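Listed below, chain by chain, are the residues.
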Amino acid sequence: MKYNLIFILLFQLVSVTKLISQQTVPFSTDSNYITIWNGNNYQPFFIKGTNLGIAKPGTYPGEMAASRDDYRRWFSEIKEAGFNCIRLYTLHFPHFYEELRNYNLEHPQYPLYFFQGVWLNEEIEGYQQNLYMLSDTFRVEIRENINCVHGNSTIEFRRGKAYGKYTADVSAWNIGYIIGREIYPDEIMMTNKTNTSQNSFTGKVFSIENASASEVWLTEKLNFLVDYERTNYHTERPVSASSWPTLDPIHHINEPNRLEDTTQVDLSKIKLVNAPAGFFISYHIYPYYPDFVGADSVYKTYYDNFGANSYIGYLTDMKLHYKKSPLLIAEYGV
């Protein structure tokens, strides 16, 4: 009976994995959580994630030296540490996706999900801090990442970025895409100043109005991503744009460095036109940076089991603003 019960549980879990992979919208969102389709409805899924780069200890980040064996070992250690998800900043080499697929097929009851990051490259000739100058190259990056996640791309050799033949379809475990990086205040201000007529956008997936040019630009790229995957692979998943407290939509009177509170990007303005997979908010939030996290008099009134915790205060303030979407802390550290 014991062995039969284990077999039944494994069979059910494998069946759910197959249902997820066959579902057009395998992951979605509600106002608080990213959700997973279980065959009947969407269930809230609490993300316990770790960021993973292509570097390895003892090498320079630019060497991108993580090997197949490294990934295989890291996946087991990540799962043993209690994580259920990996966040990637950018595209990895094909052997990452191959090994992730192998790991998840070997552990169908406890797979490792991942968020695919689409890097926003600012190192292009003549870039003048205007995001609209990056539109064409960023769309190429978006298409490239989606194709690779679906195991449908070959990228020729290039320095400083992943390349190779991508044949491992890992889309069944891709919870969502997080586009961009920590955009600098100078980029936001220059973009808004240079493109004053760009204050609204309506696409097939998302729309935004009464917005800054930067908010319009990000919304258009999110719309492009979902529409491209929907059109070419007949599936879609939640999407977000990477941000940080420096660009949050809250005014911080206790911030001593005014550069950290000079401008903002508020994606709560985004409306869903036809987006069954939904949208979530993604921030890199550290407890010690910027200074307002620890300096705000209201945040100082928050406590946990260990005592005063202004970080909880800031997170509470952020969630009060982003009431309609899940708020994911996509980067954290001390």
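On a predicted model such as this, the values are computed, not experimentally measured, just so you know. Throughout, a residue's number is its position along its own chain's written sequence, starting from 1. Totals for whole chains, interfaces and linings use every residue, but because this is a predicted model, local features are given only for residues with pLDDT of at least 70 and side-chain atom pairs only at 80 or more, for both listing and counting. To obtain the side-chain values, all non-hydrogen atoms of the structure were used and water was disregarded.

Visitor: Would you take a moment to explain the overall build of the protein for this structure?
Guide: Secondary structure is summarised from DSSP: a helix means a run of H or I of at least four residues, a strand means a run of E of at least two, and numbering begins at the N terminus for each. In terms of helices and strands, the protein carries eight helices and 17 strands. For 334 residues, the compact-globule estimate of 2.2 N^0.38 gives 20 Å, and the C-alpha radius of gyration of the protein, at 20 Å, lies within 12% of that figure. Overall size of the protein, expressed as C-alpha extent along the three principal axes, is 65 × 50 × 45 Å. Counting across all 334 residues of the protein, residues that qualify as buried make up 51%. Here the contacts in the protein between residues at least 6 apart in sequence split such that 67% fall between residues at least 24 apart. Carbon and sulfur atoms form 54% of the exposed surface of the protein, whose accessible area is close to 16,500 Å². For the protein, the centre of its 29 positive side-chain charges and the centre of its 36 negative side-chain charges are spaced 6 Å apart. Only the C-alpha atoms count toward the radius of gyration. The rule for a globule is 2.2 Å times the residue count to the power 0.38. To sort residues, take the accessible area from a 1.4 Å probe on protein chains only and compare it with the maximum for the residue type: under 20% means buried, over 50% means exposed, and anything in between is partly exposed. Contacts are assigned to residue pairs with any non-hydrogen atoms lying within 4.5 Å of each other. Computed with a 1.4 Å probe, the accessible areas rest on the Shrake-Rupley method; for each residue, only the protein chains presented here act as cover. A residue counts as positive if it is Lys or Arg and as negative if it is Asp or Glu; His and the chain ends are not included. Positions of charges follow a simple convention, taking NZ of Lys, CZ of Arg, CG of Asp or CD of Glu.

Visitor: What is the right way to look at the packing of helix α2 (residues 68-80) against helix α3 (residues 94-106) in this model?
Guide: Relative orientation and spacing of two packed helices are given, respectively, by the angle between their axes and the distance between those axes. The interhelical angle for the contact between α2 and α3, taken along N-to-C directions, is 45°, at an axis separation of 9 Å. What the angle tells us is that α2 and α3 run oblique. As for the relative orientation of α2 and α3, their crossing is right-handed in sense. Residues R68, Y71, R72, F75, S76 and K79 of α2 form the contact with α3, whose own contacting residues are H95, F96, E98, E99, L100 and Y103. Inter-axis angles, ranging from 0 to 180 degrees, are taken between N-to-C directions of lines fitted to C-alpha atoms, where helices are fitted over the stretch in contact. By definition in this entry, angles of less than 35 degrees are roughly parallel, angles greater than 145 are roughly antiparallel, angles of 65 to 115 are roughly perpendicular, and the rest are oblique. Crossing handedness: left-handed means the near helix sits turned counterclockwise from the far one by under a right angle, and right-handed means the same turn made clockwise.

Visitor: So what exactly am I meant to see when it comes to the layout of surface pockets here?
Guide: Picture a little ball the size of a water molecule; that probe, rolled over the atoms, points out where space is still empty. Here a cavity denotes a set of grid points, spaced 1 Å apart and computed over the protein atoms alone, in which a 1.4 Å probe fits but from which it cannot get out, and a pocket denotes an open set meeting protein on both sides within 12 Å along at least five of seven lines; residues with an atom within 4 Å of a point are reported as lining. Grid points are joined across faces, edges and corners, and a volume is the space filled by probe spheres set on the points. Volume-wise, the largest pocket comes out at about 720 Å³. Broken down by element, the residue count for the lining of the largest pocket peaks at five residues, all from strand β17 (residues 327-331). Counted by class, the lining of the largest pocket contains 17 nonpolar, four polar and four charged residues. Its volume calculated, the second largest pocket comes out at about 590 Å³. Classification used: nonpolar for Ala, Val, Leu, Ile, Met, Phe, Trp, Tyr, Cys and Pro, charged for Asp, Glu, Lys and Arg, polar for all others including Gly.

Visitor: Help me understand helix α5 (residues 185-194), please; the structure alone is not making it clear to me.
Guide: In an α-helix, one full turn covers 3.6 residues, which means residues spaced three or four apart are oriented alike. Three or more residues of α5 are buried, namely P185, E187, I188 and T191. The buried residues of α5 occupy one face: seen down the axis, they fall within an arc of 165°. Against the buried residues of α5 lie α6 (213-233). For this quantity, the arc is that covered by the directions from the helix axis to the C-beta atoms.

Visitor: What exactly am I supposed to notice about empty space enclosed by the protein here?
Guide: For the structure shown, the criterion picks out two cavities of 30 Å³ or more. Estimates place the volume of the largest cavity at around 90 Å³. If you trace the largest cavity, you find 15 residues lining it, with A241, S242, S243, V265 and L267 closest to the centre. Among the elements of the structure, β12 (239-243) and β14 (281-284) are those that each provide at least two residues to the lining of the largest cavity. By residue number, the principal contributor to the lining of the largest cavity is β12, which donates four residues. Residue classes in the lining of the largest cavity are distributed as eleven nonpolar, four polar and no charged.

Visitor: Just checking my understanding: could you explain the pattern of salt bridges for this structure?
Guide: Pairing of side chains with opposite charge becomes possible as their charged atoms draw close. One side-chain nitrogen of Lys or Arg within 4 Å of one carboxyl oxygen of Asp or Glu is enough to make a salt bridge. A full pass over the atoms with the stated rule returns 18 salt bridges. Note that R181 and E187 form a salt bridge whose closest N and O atoms lie 2.8 Å from each other. No difference in accessibility class separates R181 from E187, as the two residues are buried. A salt bridge links R237 to E229; the nearest nitrogen and oxygen atoms lie 3.1 Å apart. By the burial criterion, R237 is buried, and E229 matches it. Here the residues in one salt-bridge network are R68, D69, R72, E98 and E99, joined through shared partners.

Visitor: Would you mind going over the sheet that holds β17 with me for this structure?
Guide: Within a sheet, neighbouring strands are paired by backbone hydrogen bonds and run either parallel or antiparallel to one another. The pairing criterion for strands is at least two bridges between them, as found by DSSP. Strand order in the open sheet formed by seven strands is β4-β5-β6-β9-β12-β14-β17, and the pairing between neighbours is parallel. Two strands lie at the open edges of the sheet, namely β4 (49-52) and β17, each paired on one side alone. Geometrically, the sheet is characterised by an average inter-axis angle of 30° between neighbouring strands, direction not taken into account. Where α2 meets the sheet, its contacts fall on β4 and β5 (85-88), and the angle it forms with β4 comes to roughly 160°. Against the sheet, α3 touches β4, β5 and β6 (113-118), its axis set at about 160° to β6.

Visitor: What exactly am I supposed to notice about the sheet that holds strand β11 (residues 206-208) here?
Guide: Pairing in this open sheet of three strands is antiparallel, and the strands run β10-β11-β13 from one edge to the other. In the strand order of this sheet, the two ends are held by β10 (201-202) and β13 (271-272), each with one partner. Pairing analysis gives two bridges linking β11 to β13, with the strands arranged antiparallel. In the sheet register, S207 faces β13, and the bridge partner there is K271. Across the sheet, α6 lies against β10 and β11, angled at about 170° from β11, the strand it touches most.

Visitor: I keep staring at the packing of aromatic side chains and nothing clicks. Help me out?
Guide: The relative placement of two aromatic rings is captured by the distance of their centres and the angle of their planes. For Phe, Tyr and Trp, rings pair up if their centres lie within 6.5 Å, where Trp contributes its six-membered ring, and each pair is then called stacked (planes under 30 degrees apart), edge-to-face (over 60) or tilted (otherwise). This model, assessed by the stated rule, comprises 24 aromatic pairs. Ring centres 6.1 Å apart and planes at 20° place the aromatic pair Y71 and F75 in the stacked group. Of the two residues, Y71 and F75 are both situated in helix α2; the distance of four residues between them amounts to about one turn of the helix. We note that Y71, like F75, is buried. Feature note: the residues Y71, W74, F75, F96, Y97, Y103, F114 and Y166 constitute an aromatic cluster, connected by ring pairs.

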